[in-house]
Amino acid sequence: MEIFDLTIEEMHEKLRKREISSVEATQVFLKRIEKIEPKVGSFITVTADRALADAESADRRIASGGCQILTGIPLALKDIFLTEGIRTTCGSRILQNFIPPYSATSYTKLQDQGAVLLGKLNQDEFAMGSSNETSAFGITRNPWNTDCIPGGSSGGSAAAVAAREAVATLGTDTGGSIRQPASHCGCVGLKPTYGRVSRYGVIAYASSLDQVGPLAGNVTDCAIMLGAIAGHDPKDSTSVNIAVPDYLQALNSGVKGLKIGLPKEYFLSGLDPDVQKSIDLAIETYKNLGAEFVDISLPHTDYAVATYYLIATAEASSNLARYDGVRFGHRSEEYAGLLDMYIKSRSQGFGAEVKRRIMIGTYALSSGYYDAYYVKAQKVRTLIMQDFTKAFQSVDLILTPVAPTPAFRINEKTDDPMQMYLSDIFTIPINLAGTCAISLPAGYSAGGLPIGMQLIGKPFGEETILGAARAFEKVTEWHTKKAVL
Amino acid sequence: MKITIQDVEHVARLARLQLEESEKPVFARQMGEILEYVDKLKILNTDDISPTSHAVPVENAFRSDVVNCSLDVEQALSNAPDRVENFYRVPKVIE
């Protein structure tokens, strides 16, 4: 068994027993990254020196008896997480030389356990995208087929796990950006309930939708990572003061007697046949495990993408106003006055997709359109939330596909923004409702591309979806297959 | 939904963005398609629905009014594109 194939628990055991050192494990990963990167391109910044320093520190800690579950484990973070002293770009030219003066809380929590930082992962610029093609630092390729996209916007986070360039990673999910790449790359990705994990130090895209979450090779590793980062943070006033349960305990709950909803709106004709087949098989698997299926309806599903592309773009237009060349980030070399400095700095620094979304958001919030667009979208958001609240009165969780198709080819949708947006149709409603969902491997297409299934839970119902995910994993082998590079 | 070049220029100005001449018709078309798509929300009756600005029931999170540590001046200025002493230098703000 290669070191880069070990799970968190397996690596932790070996480290604790001093069978391997963190430095040794880290060197294995750094060498693997060097080998794999030309084919995949998961990383924007590889922090080799920092990784080895972290590993040495972890080894000292382990030697003196203090080995927590993540001590010495090599991880990587989407480049949206501020890491003090380490360049953080958010996939954008406007931040290409930005060195944060402080770290994200979710990173600090991993640091506190003595985890090792391998580097910062590639992503769609400012988390705006579904294919990792809008990054200013080049594309990331799907490790299962390098002609295909890994998904986005946490494409690097998913590809790194799939290619075993890190044991586990962190990503962010605003409209599906953890779950969709996890599905396309055959790994497990979890979007916690809004407020479960601190957003402090996470570069903001849409503040009422953004959420931090883990990506890993299996459900247990995901549960471990969630346990490490979840919790109230006084520095994030939107984080919720609810105790963090023992997610590992929840993994043994099984699904006997659990009611699983199948929303008809997610299974309309036109679903890719391989995706349909995987989901049908998953339903059979769950029935054999003792779960009960209930047909439900989420009637406003068809309005979710429209709602999202008004709310998210409006919030983004406000959040990205801070990139003005005054205090940090790119400032144009030449300008004629203050207004021109703003205009030139922003226009030079932002890519096309970011500009497009800022413009849509600005339009939706502008005088004369605010009520018709933004407020209207917020009202439809209420209707979408009510759909879920009502559904959860009769079911414990909901099962759906993650993406309408397996990973598409690079450049296939770059000319048609609307087509790209529609590929998030199954993940977006969960962000609008603020609740939790997990994507886990459920099959492969005829062409060998991974297909994920989504389990949606009630707000703060991460234990239920983790338990159901683990139950599925125990009786299937989809997650054991590895991308060959 | 027809978005004109003037619409694009107006919104760009509000957003402090400037597009190349060749980009403007592309953006006009793409914005038009997107705005046409989101127009489908008009079908829904939301007369008695209140807007959701926040998914989770959390109210204003206050802390006590006590001085806490924050970034020191050097850290705060560390990414300044143009720094003079303890200030960010910018072009004249008031003409």
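In what follows, the structure referred to is the one given above.
These lines cover the structure that appears in this document, whether it is placed above or below. Keep in mind that what you see is a predicted model, and the values were worked out from it rather than measured.

What counts, and where the lines are drawn
Counting restarts for each chain: residues are numbered from 1 in the order of the written sequence. Throughout, the order in which chains and ligands are written sets their labels, letters from A for the former and numbers from 1 for the latter. Totals for whole chains, interfaces and linings use all residues, but because this is a predicted model, local features are given only for residues with pLDDT of at least 70 and pairs of side-chain atoms are given and counted only at 80 or more. Heavy atoms throughout the structure, all of them, feed into the side-chain values; hydrogens and water do not. Strands are runs of DSSP state E lasting at least 2 residues, helices are runs of H or I lasting at least 4, and numbering of each runs from the N terminus. In this scheme, a residue with accessible area under 20% of its type's maximum is buried, one over 50% is exposed, and one in between is partly exposed, where area comes from a 1.4 Å probe on protein chains only. Polar contact criterion, stated in full: a pair of N or O atoms within 3.5 Å, where within protein one must be able to donate a hydrogen and the other to accept it, and residues adjacent in sequence count only if both atoms are side-chain atoms. It only takes one pair of heavy atoms within 4.5 Å for two residues to be counted as in contact. When two parts are put together, the accessible area they lose, computed with a 1.4 Å probe and summed over both, is reported as buried area. Under this grouping Gly is polar, as are all residues other than the nonpolar Ala, Val, Leu, Ile, Met, Phe, Trp, Tyr, Cys and Pro and the charged Asp, Glu, Lys and Arg. Buriedness for pockets is judged along seven lines, at least five of which must meet protein on both sides within 12 Å for an open set on the 1 Å grid over protein atoms alone, while cavities are sets there where a 1.4 Å probe fits but cannot get out, and lining residues have an atom within 4 Å of a point. Grid points are joined across faces, edges and corners, and a volume is the space filled by probe spheres set on the points. When a carboxyl oxygen of Asp or Glu is within 4 Å of a side-chain nitrogen of Lys or Arg, the pair counts as a salt bridge.

Considering the side chain of Asn132 of chain A
Residue and element names in this part refer to chain A.
Phase 1: Mapped onto the elements, Asn132 comes out in the loop between β3 (116-121) and α5 (155-162).
Phase 2: The class of Asn132 is buried, set by a relative accessible area of 0%.
Phase 3: In terms of polar contacts, Asn132 uses its side chain to reach the backbone amide nitrogen of Gly155, at 2.8 Å.

Here's the deal with the interface of chain B and chain A
Phase 1: Tallying the contact residues gives 50 residues for chain B and 64 residues for chain A.
Phase 2: For the pair chain B and chain A, the summed buried area comes to about 5,100 Å², and 71% of that belongs to carbon and sulfur atoms.
Phase 3: Ranking the residues of chain B by area buried against chain A places Arg16, Leu41 and Asn79 of chain B at the top, with a combined share of 13%.
Phase 4: Among the elements of the structure, α1 (5-14) and α2 (23-38) of chain B are those that each provide at least two residues to the side of chain B that touches chain A.
Phase 5: Sorting elements by how many residues they give to the side of chain B that touches chain A places α2 of chain B first, with 9 residues.
Phase 6: Residue composition of the side of chain B that touches chain A, grouped by class: 31 nonpolar, 10 polar and 9 charged.

Some remarks on the layout of surface pockets
Phase 1: Of the volumes computed, that of the largest pocket is approximately 540 Å³.
Phase 2: Across the lining of the largest pocket, the residue classes break down as 14 nonpolar, 7 polar and 5 charged.

Remarks on the pattern of salt bridges
Phase 1: In total, this model carries 21 salt bridges over all chains according to the counting rule given.
Phase 2: The partner of Asp340 of chain A in a salt bridge is Lys344 of chain A, and the shortest N-O contact between them spans 2.8 Å. Linking Asp340 of chain A with Lys344 of chain A, this pair stays in helix α11 (residues 338-349), spanning 4 residues, or about one helical turn.
Phase 3: Take Lys344 of chain A: its relative accessible area is 26%, and that puts it in the partly exposed class.
Phase 4: Two residues, Glu74 of chain B and Arg83 of chain B, come together in a salt bridge whose shortest N-O distance is 2.9 Å.
Phase 5: Take Glu74 of chain B: its relative accessible area is 47%, and that puts it in the partly exposed class.

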